[in-house]
Amino acid sequence: MTTTRTEPRPPRKAARRERHRPSRPASRRRNWAGGLAGWLWLLVVAVPLYWSLITSFKAQNRYYASNPLVPSGDPTLENYRLVVESDFLRYFVNSVVVTAGAVIPAVAFSFMAAYAIVRGRHMRVLRAMNGLFLMGLAIPLQATVIPVYLIIIKLRLYDSLLALILPSIAFAVPLSVLVLTNFIRDVPKELFDSMRIDGATEWTTLWRLAAPLTRPAVLTVTIFNALTIWNGFLLPLILTQSPDRRTLPLALWTFQGQYGVNVPAVLAAVVLTTLPLLVLYAFGRRQLLSGLTAGFSR
Amino acid sequence: MRSPAGRPPRRAPRSILPWLAVPALVVFVGFAVIPLVGVFALSFTTWDGIGAIHLSGTASWRAVLTDPGLPHALRVTFLVMAVSWAVQTPLSILLGTFMAGRQRYRAVLGVVYFIPLMLSSAAIALAYKALLDPNFGLGAGLRIEVLSQDWLGRPGLAFGLVVFVVSWQFIPFHSLIYQGGVQQIPKSLYEAAQLDGAGRIRQFFGITLPQLKYTVITSSTLMVVGSLTFFDLIFILTEGGPGDATRVLALDMYKRGFRASLMGPASAIAVILVLVGLALALLLRRLGGRDAGASQLEGA
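Calculation rules
- Residues numbered from 1 in each chain as written.
- Chains lettered and ligands numbered in written order.
- Predicted model: local features only at pLDDT ≥ 70, side-chain atom pairs only at ≥ 80, totals over all residues.
- Heavy atoms only, no water.
- Helix = DSSP H or I, 4+ residues; strand = E, 2+ residues; numbered from the N terminus.
- Buried < 20%, exposed > 50% of the residue type's maximum accessible area, 1.4 Å probe, protein only.
- Contact = heavy atoms within 4.5 Å.
- Areas by Shrake-Rupley, 256 points an atom, 1.4 Å probe, with all protein chains shown as cover.
- Patch = residues over 30% accessible without salt bridge, like charges linked within 9 Å, V, L, I, M, F, W, Y side chains within 5 Å.
- Salt bridge = Lys/Arg side-chain N within 4 Å of Asp/Glu carboxyl O.
- Buried area = accessible area lost by both parts, 1.4 Å probe.
- Polar contact = N/O pair within 3.5 Å; in protein donor to acceptor, adjacent residues only side chain to side chain.
- pLDDT = per-residue confidence, 0-100.
- Core = buried A, V, L, I, M, F, W, Y, C linked by side-chain atoms within 4.5 Å.
- Phe/Tyr/Trp six-rings, centres within 6.5 Å; stacked < 30°, edge-to-face > 60°.
- Axes fitted to C-alpha atoms, helices over the stretch in contact; angles between N-to-C directions.
- Parallel < 35°, antiparallel > 145°, perpendicular 65-115°, else oblique.
- Nonpolar A, V, L, I, M, F, W, Y, C, P; charged D, E, K, R; others polar.

**Q** Looking at this structure, how should I read the overall build of chain A?
**A** A count of helices and strands for chain A gives 13 helices and zero strands. The helix and strand sequence of chain A, counted from the amino end, reads α-α-α-α-α-α-α-α-α-α-α-α-α. Going through the 298 residues of chain A one by one, you find that 52% of them count as buried. Restricting the contact set of chain A to residue pairs at least 6 apart, pairs at least 24 apart contribute 71%. Carbon together with sulfur atoms contributes 64% to the accessible area of chain A, which is approximately 14600 Å² in total.

**Q** When you look at a nonpolar patch on the surface in this model, what are you seeing that I'm missing?
**A** Taken together, the side chains of W203 and W207 of chain A together with I16 and W19 of chain B make up a nonpolar region of the molecular surface, amounting to roughly 480 Å² of accessible area. On the basis of relative accessible area, W203 of chain A is assigned to the partly exposed category, the value being 43%.

**Q** Explanation requested: the interface of chain A and chain B in the structure shown.
**A** Interface extent is often summarised as the accessible area lost during association of the parts. The interface is formed by 113 residues belonging to chain A together with 107 residues belonging to chain B. Summing the contributions of chain A and of chain B, the shared interface buries around 9600 Å²; its carbon and sulfur component is 75%. The tally of links between chain A and chain B comes to zero salt bridges. Taken together, chain A and chain B are joined by six residue pairs in polar contact (both at pLDDT 80 or more). Per-element accounting of the side of chain A that touches chain B gives the leading share, 15 residues, to helix α13 (residues 263-296) of chain A.

**Q** For this particular structure, what's the right way to read the confidence of the model for chain A?
**A** Any segment with low pLDDT has predicted coordinates that should not be analysed in fine detail. Looking at chain A as a whole, its pLDDT mean stands at 85, while 89% of the residues score no less than 70. By mean pLDDT, helix α1 (residues 12-18) of chain A is the weakest element of chain A at 42, and helix α6 (residues 145-154) of chain A is the strongest at 96.

**Q** Where do I start with the pattern of salt bridges in this structure?
**A** Opposite charge on two side chains permits pairing when their charged atoms draw close. If you walk through the whole model with that rule in mind, you get eleven salt bridges over all chains. One salt bridge in this structure joins D244 of chain A and R245 of chain A, with 3.2 Å as the shortest N-O distance. In this structure D244 of chain A comes out as partly exposed when scored by relative accessible area, which is 31%. For R245 of chain A, a relative accessible area of 29% gives the class partly exposed. D252 of chain B is paired through a salt bridge with R256 of chain B; the nearest N and O atoms lie 3.2 Å apart. Of this pair, D252 of chain B and R256 of chain B both sit in helix α13 (residues 249-259), four residues apart, which is roughly one turn of the helix. Salt bridges here are not isolated pairs; linked through shared partners, they connect D67, D244, R247, D252 and R256 of chain B.

**Q** Would you mind going over the environment of V80 of chain B with me for this structure?
**A** Looking at where V80 of chain B falls in the secondary structure, it is placed in helix α4 (residues 69-99). Put simply, V80 of chain B and L228 of chain B are 148 residues apart on the chain and 9.1 Å apart in space, counted from C-alpha to C-alpha.

**Q** How do you make sense of the environment of A106 of chain A when you look at a structure like this?
**A** Residues and elements named next belong to chain A. Within the element layout of this structure, A106 appears in helix α4 (residues 78-119). We classify A106 as buried; its relative accessible area is 0%. Sequence spacing of A106 and V179 is 73 residues, and the spatial spacing of their C-alpha atoms is 13 Å. Dropping the residues within four chain positions of it, A106 is found in contact with I169 and A172.

**Q** Even after reading the chapter, I still don't get the side chain of S167 of chain B, so can you show me in this structure?
**A** Position of S167 of chain B among the secondary structure elements: in helix α8 (residues 155-183). For S167 of chain B, a relative accessible area of 4% translates into the label buried. Looking at S167 of chain B, its side chain comes within polar contact range of the main-chain oxygen of V163 of chain B, at 2.7 Å. Residues within four places of S167 of chain B in sequence aside, it is in contact with W41 of chain A together with V87, Q88 and P172 of chain B.

**Q** For this particular structure, what's the right way to read the nonpolar core?
**A** Buried together is how nonpolar side chains tend to be arranged in soluble globular proteins. The biggest cluster of nonpolar side chains holds 169 residues, and the ones touching the most others in it are F133 and L239 of chain A together with Y113 and F231 of chain B. Residue contributions to this core peak at 17 residues, all from α4 of chain A. Once residues within four sequence positions are removed from consideration, L239 of chain A is found in contact with V148, Y149, I152, Y158, D159, S160, A163, L164 and P167 of chain A. In this structure, A100, Y178, F204 and L212 of chain B belong to the second largest nonpolar core, which totals six residues.

**Q** What should I look at first to understand unusual backbone geometry in this one?
**A** When glycine is set aside, most residues are seen to have a negative phi, and most peptide bonds are trans. Residues and elements named next belong to chain B. Residue G241 is joined to P242 through a cis peptide bond whose omega torsion reads -5 degrees. Positionally, P242 belongs in the loop between α12 (232-237) and α13. Unlike most non-glycine residues, E239 shows phi in positive territory, near 55 degrees. Among the secondary structure elements, E239 is positioned in the loop between α12 and α13.

**Q** Would you explain the packing of aromatic side chains in this entry?
**A** A ring pair, where both rings are aromatic, is described by two values, the distance of the centres and the angle of the planes. One pass over the full model with this rule turns up 26 aromatic pairs over all chains. Taking 5.9 Å as the distance between ring centres and 50 degrees as the angle between the ring planes, the aromatic pair formed by F233 of chain A and F235 of chain B counts as tilted. With F233 of chain A in the loop between α10 (215-230) and α11 (234-239) and F235 of chain B in helix α12, this residue pair bridges two chains. Since its relative accessible area comes to 0%, F235 of chain B is described here as buried. Between the aromatic rings of Y113 of chain B and F114 of chain B, the centroid separation amounts to 6.3 Å while the plane-to-plane angle is 85 degrees, which identifies the pairing as edge-to-face. Comparing Y113 of chain B with F114 of chain B shows no difference in burial state: the two are buried. Counting every residue linked through ring pairs, the aromatic cluster contains Y149, Y158, F233 and W253 of chain A together with W47, F231, F235, Y254 and F258 of chain B.

**Q** How should the side chain of N231 of chain A be read in this particular structure?
**A** Locating N231 of chain A in the fold gives a position in the loop between α10 and α11. Only 3.2 Å separates the side chain of N231 of chain A from the backbone oxygen of M118 of chain B, close enough to count as a polar contact. What N231 of chain A contacts, discounting residues up to four positions off in sequence, is P249 and L277 of chain A together with M118, L119 and S120 of chain B.

**Q** Hey, could you run me through the packing of α4 of chain A against helix α9 (residues 202-213) of chain A in this one?
**A** A pair of packed helices is characterised by two quantities: the angle between their axes and the separation of those axes. All names here are of chain A. Running from amino to carboxyl end, α4 crosses α9 at an angle of 105 degrees, the nearest separation of the two axes being 11 Å. By the angle class used here, α4 and α9 are roughly perpendicular. The segment α4 lies against α9, with F111, M112, Y115 and R119 engaging E202, W203, T205, L206, W207, A210 and A211. Its residues assigned to classes, the contact of α4 with α9 comprises eight nonpolar, one polar and two charged.

Right under this line is the structure:
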């Protein structure tokens, strides 16, 4: 995304002969339609977020009376106190444990598999495995939750955090392998060859060469899986039962059941569960967005 | 495997490569492939979710296939899929193309655009439920008639609401994919078009759109297969209601299985979900005419 042009400009004379305008590239001209649509979309995205945020600071009696788009004159933290006191911290810790516990193995396993698939292209076993993972992309994995529920019960893991971690890893594998193979494939073959001539094992090559060279892809896959698992709702809903095993999205839903009439409190809970991700977003935005564009558009 | 230069070729060189794929394979098989086979097997049983599992032949299938609820759920599922695809695709392409430009204010807009990517469906559904409350929501507060309708109480409105919220949540993601796609289009194409005097609109339809063909396939596959799994959003937003107006297949499966304790019929629904997903993915891949695993960099 640089603005320097590497190719020579079109000869000006020729361009002018064809049209009467000076030949400015279209991308330098103002794009009014695009700009307008862009700002409109900003409103569509921002208004619900803004409304949720300011409402979460309103006292319940004020909420009914005040203009919904004007922040409260005397903001209150009462809603947030109510949420934090209903065991928010425990749900937060549960979410962290499940997310970290699933993402780290998911990415490590997927990376090893992707490396094997790229390096062992000629092996029938690995081609079959790749086919299996690719097929996983097309299967709505939610359709498998009933047997997953049965397996978790049989493993005596029902209502534990491990019950959430294991299927989460499996659900993360197909897309992670796909994105990572795409990137490992771009590592020049000569580098692998010279590592091998130096006597490095596949294991060393994997961690010393392939992993550092594809770090942006690894980071992207990590963030993407973390988001998906952090926000997961169905698995906690069917695989846990006790209140102290709840993760944040599930806690949010049950909280709404209890405090449904207290809308500002529900919105405070929404804001609180969202906050950790927004903080991460503020720091990792560039990496996340560029990684996702590169990862999915090829 | 080719042997390193200089050494005599061995017939079966030992390689640890397949072993590297084993951990991913084990978890994937254990919690995705076996369940996939298992759901098929369970659709021929009777199980209440707690007690013993009994073989019951085709009873579950007969129950599901003769239930008028199934065609309805299928219709709602396809309708949500089609309408949300038709809403999201053009908007995502336009936004993605717009974001691929380089004015500075786009970077500012971009900070906000992609916030929905971070939010859980649960948070989004709860916020919208409150926002569109006919009595106390945004529309009522601002006295805007259009907004203060009973969104969750009327079938058509509830359906529209689901499509809107789905689009709100996923357009950012898909516009990001299109943004990446647009950025990979060789600049020389645009320069050639400018030489020929093509304006912005001609360039969009003549270059950008055709060049995005594979991106459209990728994005549509994710959208279409993904829409089969809209569960949490609809579950929290409408619970499938009012009546059964937004009861999609995934929700139907959950309700039969985990609410009504009919795991057999619920498994049959899940099998249908898998078949629909596979059929759609194959169809889209056929349309794309390209191996999903192949690198798109080839030939670029």
